[in-house]
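# Architecture at a glance
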Amino acid sequence: MTEALERQEQSKRRRKAVVGWGAVIGIGALLTTAAFTDVEWGSLGSGIGNADSRYNLQIKDVANDTWQDNTAETTAEIITLADAENMFPGSGPVSGTVEVWNDSTFVSTLNLALVDDTTTPSDVDFLAALRFTVTQDGSAVGGTYTYAELASGITLANLAQDDGTADSGPDQTALVITVELPDQGSAAANNALQGQAAQVLVKVDGESV
Ligand SMILES: [Ca+2]
Ligand SMILES: [Ca+2]
């Protein structure tokens, strides 16, 4: 065999070898496809939206030391103002505390407004003569307000989301509302308010942010 012929034969054998391997690999792949299957599932998080992700403010039921929803004016939580019934012009301030909890996973804005109770409407002159101040966790919110000014509402500091610790933390706040009936400047003006009364509701609302 000449050298050239021998190289030709070697080349043919290499091509056969290559073709042979290709066939084996092809069959192997076919067998895998036919005999074995497998699947993996993933989930986009543990849910999109959640029953627990409800935005919810609550007000403290002081008498029972529990938190509650009070969405209707007719079932408003009574905030005790000690000695408010004996108020007279110049008699000094009385105050009550509203505690609010942000029972949700959202940060909440907070607003406070006074609303004249339509079931027991206030005497207009008496209501207008009252002066109010508001503190949030000990810090004054603005200055001295008339009823009309607080009826328009004021903005309080935001509440953090529920921190998982009951009855403490930045998810709750204490609002102290102080009411005063100042001396009206004359006996006649003071006497004009005799026998008058006011019944005012406190509305605290917010928005998730
Ligand atoms: Ca609520
Ligand atoms: Ca808490």
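As the structure is a computational prediction, the values presented were derived from the model and not from experiment.

### Details of the overall build of the protein chain
Broken down by element type, the protein chain carries 4 helices and 9 strands. Its helices and strands taken in sequence order, the protein chain reads α-β-β-β-β-α-β-β-α-β-β-α-β from the N to the C terminus. Expressed as a percentage of its 209 residues, the buried residues of the protein chain come to 14%. Contacts in the protein chain between residues far apart in sequence, at least 24 positions, make up 74% of those at least 6 positions apart.

### A few points about the sheet that holds strand E7 (residues 154-159)
On the basis of which strands lie adjacent, the open sheet formed by 3 strands has the order E7-E4-E9 and antiparallel pairing. The open sheet terminates on both sides in strands that have one partner only, identified here as E7 and strand E9 (200-205). With direction set aside, neighbouring strand axes in the sheet form an average angle of 25 degrees. Where strand E4 (residues 108-116) meets E7, 4 bridges bridge the pair, whose relative direction is antiparallel. Bridging across to E7, Leu110 finds its partner in Leu156.

### Here we look at the pairing of strand E5 (residues 131-136)
When E5 meets strand E8 (residues 172-180), the two strands line up antiparallel, connected through 6 bridges. Pairing of Arg131 across the sheet is with Glu180, part of E8. Judged from the 2 bridges that link them, E5 and strand E6 (residues 139-140) form a sheet pairing that is antiparallel. From the neighbouring strand, Thr135 faces E6, where its bridge partner is Ala140. Adjacent in sequence and paired antiparallel, E5 and E6 are bridged by 2 residues, among which Asp137 carries a positive phi angle near 50 degrees.

### Notes on the sheet that holds E8
The antiparallel open sheet is built from 6 strands, whose spatial order is E2-E1-E3-E8-E5-E6. Edge positions in the sheet fall to strand E2 (66-68) and E6, since each has one partner strand and no second.

### Structural notes on the pairing of strand E3 (residues 94-102)
Sheet topology places strand E1 (residues 57-61) next to E3; 3 bridges connect them, and they run antiparallel. Paired with Leu57 across the bridge in E3 is Asn102. Across 8 bridges, E3 lies against E8 in antiparallel orientation. Following the sheet pairing, Ser95 is matched in E8 by Thr178.

### Here we look at the nonpolar core
In terms of nonpolar packing, the biggest core is built from 21 residues, with Leu130, Phe132, Val134, Tyr147 and Leu175 touching the most fellow members. Elements represented by at least two residues in this core include exactly E3, E4, helix H2 (124-129), E5, helix H3 (147-151), E7 and E8. Among the elements that take part in this core, E4 stands out by supplying 3 residues, more than any other. In this structure, Phe132 is in contact with Tyr145, Leu150, Ile177, Thr178 and Val179, ignoring residues within four places of it in sequence.

About the cut-offs
- Residues numbered from 1 in each chain as written.
- Chains lettered and ligands numbered in written order.
- Predicted model: local features only at pLDDT ≥ 70, side-chain atom pairs only at ≥ 80, totals over all residues.
- Helix = DSSP H or I, 4+ residues; strand = E, 2+ residues; numbered from the N terminus.
- Buried ≥ 20, exposed ≤ 12 C-beta atoms within 10 Å, placed from the backbone.
- Contact = placed C-beta atoms within 7 Å.
- Pairing = 2+ DSSP bridges.
- Axes fitted to C-alpha atoms, helices over the stretch in contact; angles between N-to-C directions.
- Core = buried A, V, L, I, M, F, W, Y, C linked by C-beta atoms within 7 Å.

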